[in-house]
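Residue strings, one per chain:
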Amino acid sequence: MLEKNFDPQTAEPRLYAAWEAAGAFAPIDDPDAEPFAIVIPPPNVTGSLHIGHALNNTLQDVLIRFERMRGKAALWLPGTDHAGIATQMVVERQLAEAGNQSRRDLGREAFVEKIWEWKAKSGGTIVNQLRRLGASCDWSRERFTLDEGLSAAVRKVFVTLHKQQLIYRDKRLVNWDPHFQTAISDLEVEQREVDGNFWHFAYPLEDGSGEIVVATTRPETMLGDTAVAVHPSDERYKGLIGRAVRLPIVGRPIPIIADEYADPEKGSGAVKITPAHDFNDFMVGKRNNLPMINILDDFGRINDNAPAEYRGLDRFAARKKVVEAFEALGLLREVEKTRHTVPHGDRSGVVVEPYLTDQWYVNAEVLAKPAIKAIEDGSTVFVPKAWEKTYFEWMRNIQPWCISRQLWWGHRIPAWFGPDGRVFVEETEGEAKRQAREHYGRDEPLRQDEDVLDTWFSSALWPFSTLGWPEKTSDLARFYPTHTLVTGFDIIFFWVARMMMQGIHFMDGQVPFKRIFINALVRDAEGKKMSKSKGNVMDPLELVDDYGADALRFTLTAMSGQARDIKLSRQRIEGYRNFGTKLWNATRFSQMNGCARAEGFDPAAVKVPLNRWIVGETTRTAQAVTAALADCGFDRAADELYRFIWRQYCDWYVELAKPLLGKPEEPPADAAAQAETQATAAWALDVILQLLHPVMPFVTEELWAQTADLGAARAYQGQLISAKWPELPTSLIDPAADAEIGLIIEAISEGRSVRAELNVPNSAKPALLVVEASEAQAKVLRDSAPLIAQLLRVSDVRFVQAVPDGAIPYVVEGATLALPVAEFIDLAAERARLTKEVGALAGDIERTAKKLGNADFVARAPEEVVEENRERLAEAEAAKAKLEGALRRLVTAA
RNA sequence: GGGCGGCUAGCUCAGCUGGUCAGAGCGACUGGUUUACACCCAGUAGGUCGGCGGUUCGAACCCGUCGCCGCCCA
């Protein structure tokens, strides 16, 4: 006998270990099996599982378990990402907390060594948390973006793209993060709106004949100004073009140039130009051959290109000092309050500076073209489709991708410089040396580029590098292209787009995945983004502790349909925990009632209408769940399962089956019906366990095991995780049985409603009177009398000619039934009930009659719609007439 | 400034290609020792489907427009 409740705390680890021990997570060997692969979005190796991971990985697990049961060679390939900045940051912070040393004190080699130590110590955290969730990843294939194989893939890709001139080195402005002292890509820059000032500065003309006013939000940049620009057609400045101003503080003469970038409408119409510290000014500088004077160092301090008293000052201190100087010089014309957007580093949170450096770039424009086409022609599809717009928008306006980072943690760039600055890009140092020897005619000392690659550079290769590329492995041949990618919309640009580009480029035009499912973002119950600083973070592990992994999984699955946000509340999770318990108890009930699999049971051969009905409903559900999961309709699948298992199987099937099952200690009224019901219940339960398994793997696996010995052996005797997915033919659905059980359910429901509304005591057991019914209905009601008696709490079912005085009539599917409960009821309550019913019917009749009275409707609407309305009208009118009769009698009686 | 998404019962949300589409869960309220389950059972609650126009025989669902809310990109 089953315990009273399922205990996730003890059962889940045990069940997970059993799956692993059985090797259930590896794809089956069968060479004929259709491959179905998912690569995990690799979480940061130093991270821990947050609720977004829980959602994302639950959906992946649902999919992989579903496809595995459908007989595919299902591979869910797990792994982690070295996450350059994030990880380096964590370890640096640790060092600082532990004592004293900065990474620079420690030196590159020792620092990287420390990170590896940290990874060894805590890198397994998130992976173990995925296990707690029930993730059925093939851990034997686990990868890490910095492991040997993936590093080889990274080098090969870099070298190949370089030889194809799709990777190049360039000196241009980058987004510089002074906190981490590294370049970052456009995507890693966050635009934040902040309060600031527009400082209006007067620059005196060199010849002392006047001044020109420019405005800036970053005064310190004036130290690097190399021109003032005005619009060529701006009449005010026509005469000044070609002349010069003397840059205050610095004393350098700079030209007044004409450039269309200057907007006559804005401010004075003149703008200061700092080509080395502003993206727009950089363009102006290029166009006009202006000198580019860099005034900052890597830390964002003023460098030696500025006057002595500014050197070494932080940029913000310098800003203040510059403004003070202008004021002192009498050249500060105005200070205007303003709100403007300022770029910040997404990791550091500090203001990012445009900074002139040498960096490596990927020519993304070229790689993007086929990646755009792959979505256009449907080689890869987005689900939901709307996301392709976001993808196109970005891809069609893609900019060069800056891939070098001045960090130590990551893939070191395979480029070596000779003494004259010539670069040799090769996969190994040896090869670079050979190339150098050939070039120089002798051995020259080479110096490897200090920089590492953007983390996303290696993540972009994930779908093929994890399968063994550049080796020609059997996994690569079998599982590439992968089938579905499940990820969040926040990394469509960072990751999805780049995988598309690299996958297609390096895998002979083959897309990395056929389908991209974009999951929602999880928020707290108020709809706020969860963050540590807000204190509204829900820890998935804590939720697993409190409710079990199944409950959390079901909740996330059921809520996954939301367009963009999931507002998660504990209440919801609790509800689905209860759902698991409900299933547990339904199984317990069948155990108590001898429900066991029958040898050679054939659902098509079942005779009792109730059993035929549940076979049909089970079939419908199986089909609906299959269709939903095949289509990434996770929420629909969950809703379908919930409704069927609780609302149909438990509420109706089990209840209606009770009379057929009889009491365990008594001999059955109908032994054949009892046996059939026991067998059918067991069959349906087995199907339920299979259908629910992808979403709630633990409780279903446990029940599967606990019911393994009940009755005949299953065709498949292994674990549920490896069992076959139910495929039930539509022929199992019997409309006649549906109609019969439908009538019984309605008769009981409506009858209950009457009793409740009239406050008929529970203990009262009147007869149920059938006043008027078709022959078929009468037969059903007669045959099901014991069922109805039990569930409606009536003494029996009797057939009469008319509604007796004091009996309460109600209409179900055209049949008139009545409950003789005169002695219990309150006449006023009954009048109210009947009046309400009649009113509702009258409203329906009015609407329908109006529609049918519309000649255009009758003429233009499809025949079946018109017919449907006619029937509805007739039914409603008949029902109304019956109830009105009852109401009249009631009035006269009173 | 450009783009996207949302606005449906107190709350969280379903409602695909216009014709029982006005729904579910939770909450609230009422009543329950019914062959498993109180993590349960039965029942009740009436929201002009954000506003205004339009298309249509017919619109929550299509079009236009306005209003909030959120996100992405400049």
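Residues numbered from 1 in each chain as written. Chains lettered and ligands numbered in written order. Predicted model: local features only at pLDDT ≥ 70, side-chain atom pairs only at ≥ 80, totals over all residues. Heavy atoms only, no water.

**Some thoughts on the overall build of chain A**
When its secondary structure is counted, chain A shows 29 helices and 29 strands. Taking 894 residues into account, the globule formula puts the C-alpha radius of gyration at 29 Å, and chain A, at 37 Å, lies well above it. Principal axes of the C-alpha set define a box for chain A whose edges measure 115 × 65 × 55 Å. Residue burial in chain A is summarised as follows: out of 894 residues, 55% are buried. Considering only residue pairs separated by 6 or more positions, chain A has 78% of its internal contacts joining residues 24 or more positions apart. Here chain A displays about 39100 Å² of accessible surface, and carbon together with sulfur accounts for 49% of that area. Here chain A holds 106 positive side-chain charges and 128 negative ones, and the gap between their average locations is 1 Å. (Helix = DSSP H or I, 4+ residues; strand = E, 2+ residues; numbered from the N terminus. Rg over C-alpha atoms; globule rule 2.2 N^0.38 Å. Buried < 20%, exposed > 50% of the residue type's maximum accessible area, 1.4 Å probe, protein only. Contact = heavy atoms within 4.5 Å. Areas by Shrake-Rupley, 256 points an atom, 1.4 Å probe, with all protein chains shown as cover. Lys, Arg positive; Asp, Glu negative; His and termini not counted. Charge placed at Lys NZ, Arg CZ, Asp CG, Glu CD.)

**Some words on the sheet that holds strand 18 (residues 415-417)**
Strand order in the open sheet formed by three strands is 19-18-20, with antiparallel pairing between adjacent strands. If you trace the sheet from one side to the other, it starts and ends with strand 19 (423-425) and strand 20 (447-448), each paired once. For strand 18 and strand 20, the ladder comprises two bridges, and the chain directions are antiparallel. Within the sheet, the bridge partner assigned to W416 lies in strand 20 and is Q448. (Pairing = 2+ DSSP bridges.)

**Focus: the pairing of strand 8 (residues 211-216)**
Residues I212, V214 and T216 point to one face of strand 8 and are all buried, whereas E211, V213 and A215, pointing to the other face, are not buried. The sheet contact formed by strand 7 (residues 189-204) and strand 8 spans six bridges and is antiparallel. Looking at strand 8, one finds that W199 is bridged to T216. Between the end of strand 7 and the start of strand 8, which pair antiparallel, lie six residues, with G208 showing a positive phi angle near 75°.

**Some points on empty space enclosed by the protein**
If you walk through the whole model with that rule in mind, you get two cavities of 30 Å³ or more. Space inside the largest cavity adds up to approximately 70 Å³. What lines the largest cavity is simply S590, C595, R597, A682, L685, D686, L689, T707 and L710. In terms of residues, the lining of the largest cavity owes the most to one element, helix 22 (residues 671-692), which gives four residues. For the lining of the largest cavity, the class distribution of residues is five nonpolar, two polar and two charged. Considered as a void within the structure, the second largest cavity measures approximately 40 Å³ in volume. Around the second largest cavity sit F589, S590, C595, Y649, Y653, V654, A657, L661, T677 and A681, which together line it. At the level of secondary structure, the elements contributing two or more residues to the lining of the second largest cavity comprise helix 19 (570-592), helix 21 (634-661) and helix 22. When residues of the lining of the second largest cavity are assigned to their parent elements, the largest contribution, five residues, is made by helix 21. Here the residues of the lining of the second largest cavity sort into eight nonpolar, two polar and no charged. (1 Å grid on protein atoms, 1.4 Å probe; cavity = no way out; pocket = protein on both sides within 12 Å on 5 of 7 lines; lining within 4 Å. Points joined across faces, edges and corners; volume = space filled by probe spheres on them. Nonpolar A, V, L, I, M, F, W, Y, C, P; charged D, E, K, R; others polar.)

**Let's talk about the layout of surface pockets**
One way to see where empty space is left: roll a probe the size of a water molecule over the atoms. The volume enclosed by the second largest pocket comes to roughly 1300 Å³. Contributions of two or more residues to the lining of the second largest pocket are made by strand 7, strand 8, strand 12 (270-273), helix 8 (279-288), helix 9 (315-329), strand 13 (332-345) and strand 14 (353-362). Counting residues per element, the lining of the second largest pocket draws most heavily on strand 7, at eight residues. Grouping the amino acids of the lining of the second largest pocket by side-chain chemistry returns 16 nonpolar, 16 polar and 10 charged.

**Re helix 18 (residues 549-558)**
Among the 10 residues of helix 18, 10 are classified as buried, and the element is accordingly described as predominantly covered. Listed as buried for helix 18 are A549, D550, A551, L552, R553, F554, T555, L556, T557 and A558.

**Digging into the packing of aromatic side chains**
Throughout the structure, instances matching the rule amount to 35 aromatic pairs. Taking NZ or CZ as reference, R172 lies 5.1 Å from the ring centre of Y361, over its face. (Phe/Tyr/Trp six-rings, centres within 6.5 Å; stacked < 30°, edge-to-face > 60°. Lys NZ or Arg CZ within 6 Å of the ring centre and 35° of its normal.)

**Quick word on the protein's contact with RNA strand B**
Of all residues adjacent to RNA strand B, which total 43 residues, the nearest are Q571, T581, W646, K658 and R860. Between RNA strand B and the protein, one listed contact pairs a base nitrogen with a backbone N or O atom of A586 at 3.4 Å. In the environment of RNA strand B, a base oxygen lies 3.2 Å from a nitrogen or oxygen atom belonging to the side chain of N593. If you list the elements that add at least two residues to the surface near RNA strand B, you get helix 19, helix 21, helix 24 (735-757) and helix 28 (855-860). It is helix 19 that provides the largest number of residues to the surface near RNA strand B, a total of 10 residues. Class assignment of the residues belonging to the surface near RNA strand B gives a composition of 15 nonpolar, 12 polar and 16 charged. (Near = heavy atom within 4 Å. Polar contact = N/O pair within 3.5 Å; in protein donor to acceptor, adjacent residues only side chain to side chain.)

**Quick look at the pattern of salt bridges**
With the rule as written, the count across this model stands at 50 salt bridges. With its nearest N and O atoms 3.5 Å apart, the salt bridge here joins R570 to E542. In this pair, R570 is assigned in helix 19 and E542 in helix 17 (residues 540-547), connecting sequence segments 28 residues apart. On the accessibility criterion, R570 (32% relative accessible area) is partly exposed. Judged by relative accessible area, which is 42%, E542 ranks as partly exposed. R643 serves as the salt-bridge partner of E640, at 2.7 Å between the closest nitrogen and oxygen. Pair noted here: E640 and R643 are both in helix 21, with a separation of three residues, about one helical turn. According to the relative accessible area criterion, R643 is partly exposed, its value standing at 32%. Three or more residues are tied together by salt bridges with common partners; here these are E34, E67, R70 and K72. (Salt bridge = Lys/Arg side-chain N within 4 Å of Asp/Glu carboxyl O.)

**With respect to the pairing of strand 29 (residues 815-820)**
With respect to burial, strand 29 is a largely interior element, five of its six residues being buried. For strand 26 (residues 768-772) and strand 29, the ladder comprises three bridges, and the chain directions are antiparallel. Within strand 29, the residue paired with L769 across the bridge is A818. Examined bridge by bridge, strand 28 (residues 807-812) and strand 29 share six bridges and lie antiparallel to one another.

**As for the confidence of the model for chain A**
Mean pLDDT over chain A stands at 87; residues scoring 70 or higher make up 97%. In the predicted assembly, ipTM is 0.93 and pTM is 0.89. (pLDDT = per-residue confidence, 0-100.)

**Brief notes about the packing of helix 18 against helix 19**
At a minimum axis separation of 8 Å, helix 18 and helix 19 run at an interaxial angle of 115°. Where helix 18 crosses over helix 19, the handedness of that crossing is right-handed. Of the residues in helix 19, those touching helix 18 at A551, L552, F554, T555 and A558 are R572, I573, Y576, R577 and F579. Considered class by class, the residues forming the contact of helix 18 with helix 19 number seven nonpolar, one polar and two charged. (Axes fitted to C-alpha atoms, helices over the stretch in contact; angles between N-to-C directions. Left-handed = near helix turned anticlockwise from the far one by under 90°.)

**Here we look at the environment of T80**
Looking at the secondary structure, you find T80 in strand 3 (residues 79-80). We classify T80 as buried; its relative accessible area is 3%. Residues T80 and V322, 242 residues apart in the sequence, show an inter-C-alpha distance of 47 Å. Here T80 is in contact with P42, P43, V45, I126, V127, R143, F144, T145 and W462, once residues within four sequence places are set aside.

**Overview of the nonpolar core**
Counting residues in each nonpolar core, the largest one holds 199 residues, and the members touching the most others are Y391, M395, F457, Y649 and L656. Of all the elements, helix 21 adds the most residues to this core, at 15 residues. Discounting residues that sit within four places of it in the chain, F457 has contacts with V154, V157, F158, I167, V362, W401, I403 and Q502. By size, the runner-up hydrophobic cluster in this structure holds 37 residues, among which are A183, V323, F326 and L331. (Core = buried A, V, L, I, M, F, W, Y, C linked by side-chain atoms within 4.5 Å.)

**Describing the packing of helix 10 (residues 364-376) against helix 16 (residues 492-506)**
Two elements in contact, helix 10 and helix 16, have axes whose closest approach is 8 Å; the angle formed by their N-to-C orientations is 90°. Taken together, helix 10 and helix 16 sit at an angle that is classed as roughly perpendicular. Contacts between helix 10 and helix 16 involve A364, L367, A368, P370, A371, A374 and I375 from the first element and M500, M501, Q502, I504 and H505 from the second. When the residues that make up the contact of helix 10 with helix 16 are grouped by side-chain class, the tally is 10 nonpolar, two polar and no charged. (Parallel < 35°, antiparallel > 145°, perpendicular 65-115°, else oblique.)

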